[in-house]
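Descriptive structure summary
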Amino acid sequence: MYHQVLPKELAPKDNLIVTTENLEEQFIYIKNNFTTLFFKEIHKEHHISNKIILTFDDGYYNNLEYLVPLLEKYQLKATIFIPTEYIQNGMQSHERNFMNFTEIKSLNPELIEIALHSHSHRNYSEMPIEEAREDLKKNIEILKKNSIKFSSVLAYPYGKFPREKDKKRAFFKMLEESEITAALRIGNEIESYPWKNKFEIKRIDIKYGDNINIFKWKLKLGKLKL
Ligand SMILES: [Zn+2]
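This text gives an overview of the structure that appears in the document. Being a predicted model, the structure only gives us computed values, none of them experimental. (Residues numbered from 1 in each chain as written. Predicted model: local features only at pLDDT ≥ 70, side-chain atom pairs only at ≥ 80, totals over all residues. Heavy atoms only, no water.)

**Structural notes on the pattern of salt bridges**
Scanning all chains against the criterion turns up 14 salt bridges. Between Lys-73 and Glu-24 there is a salt bridge; the shortest N-O distance is 2.6 Å. Of this pair, Lys-73 sits in helix α2 (residues 61-74) while Glu-24 sits in helix α1 (residues 20-33); the two residues are 49 residues apart in sequence, bridging distant segments of the chain. For Glu-24, a relative accessible area of 22% puts it in the partly exposed group. Between Glu-177 and Lys-173 there is a salt bridge, and its shortest N-O distance comes to 3.1 Å. Residue Glu-177 and its partner Lys-173 are located together in helix α6 (residues 165-177), separated by four residues, close to a single helical turn. Take Glu-177: its relative accessible area is 42%, and that puts it in the partly exposed class. The class of Lys-173 is exposed, set by a relative accessible area of 54%. (Salt bridge = Lys/Arg side-chain N within 4 Å of Asp/Glu carboxyl O. Helix = DSSP H or I, 4+ residues; strand = E, 2+ residues; numbered from the N terminus. Buried < 20%, exposed > 50% of the residue type's maximum accessible area, 1.4 Å probe, protein only.)

Here it is as structure tokens:
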């Protein structure tokens, strides 16, 4: 799981940022040891052993500037999760924090898969289920209205979803009814496919200061400490 990508000289020390320098080193390691896949094709690629899915949340403009060139250079695939309200707000401001819908639409579909990250980027664990249903529906409708092809995979904002037994069951039922095929949390564990629970897929959080040895270790164990 990644968010922003910035060259070292422009990158504040923030765990939601990976430097282009570190990312390139990580991509070289991935290129040599793994096959990157999209969520939409994972079901038909059972025969591939070292599968990996690279995910980038929020649709930052710096993904277009610095991630896309690296994906092209190493011919790697990644999935970008779009919170549609961030994009709408971004298009009304002068700051270029996020890609606009035209840019998202123009991303090379051979290398980038678009998926869902809610509309308003609020915490789904603190929301009534019907409100979450409406929010997710907006996320889907706005991408469709902008003719952006996407996979019906959701990355939970902040990795959060209801944990209490009954609410969780009702929430997962809502995801089924909304035709969500998989949903991602954080969790720092290695997941294999078929998923243990398709609505609680764990991702490994790659942080700002992770050097290549930490990165390799995380890909082996999911986390640094056992
Ligand atoms: Zn996010």
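Next comes the rest of the account.
**Some details on unusual backbone geometry**
In this structure, Pro-194 follows Tyr-193 across a cis peptide bond, with omega equal to 0°. Of note, Pro-194 is situated in the loop between β9 (182-187) and β10 (201-203). Residues other than glycine seldom take positive phi values, yet Tyr-158 does so here, at roughly 60°. Within the element layout of this structure, Tyr-158 appears in the loop between β8 (153-155) and α6. The backbone phi angle of Glu-179 is positive, close to 60°, even though this residue is not glycine. As for its position among the elements, Glu-179 is in the loop between α6 and β9.

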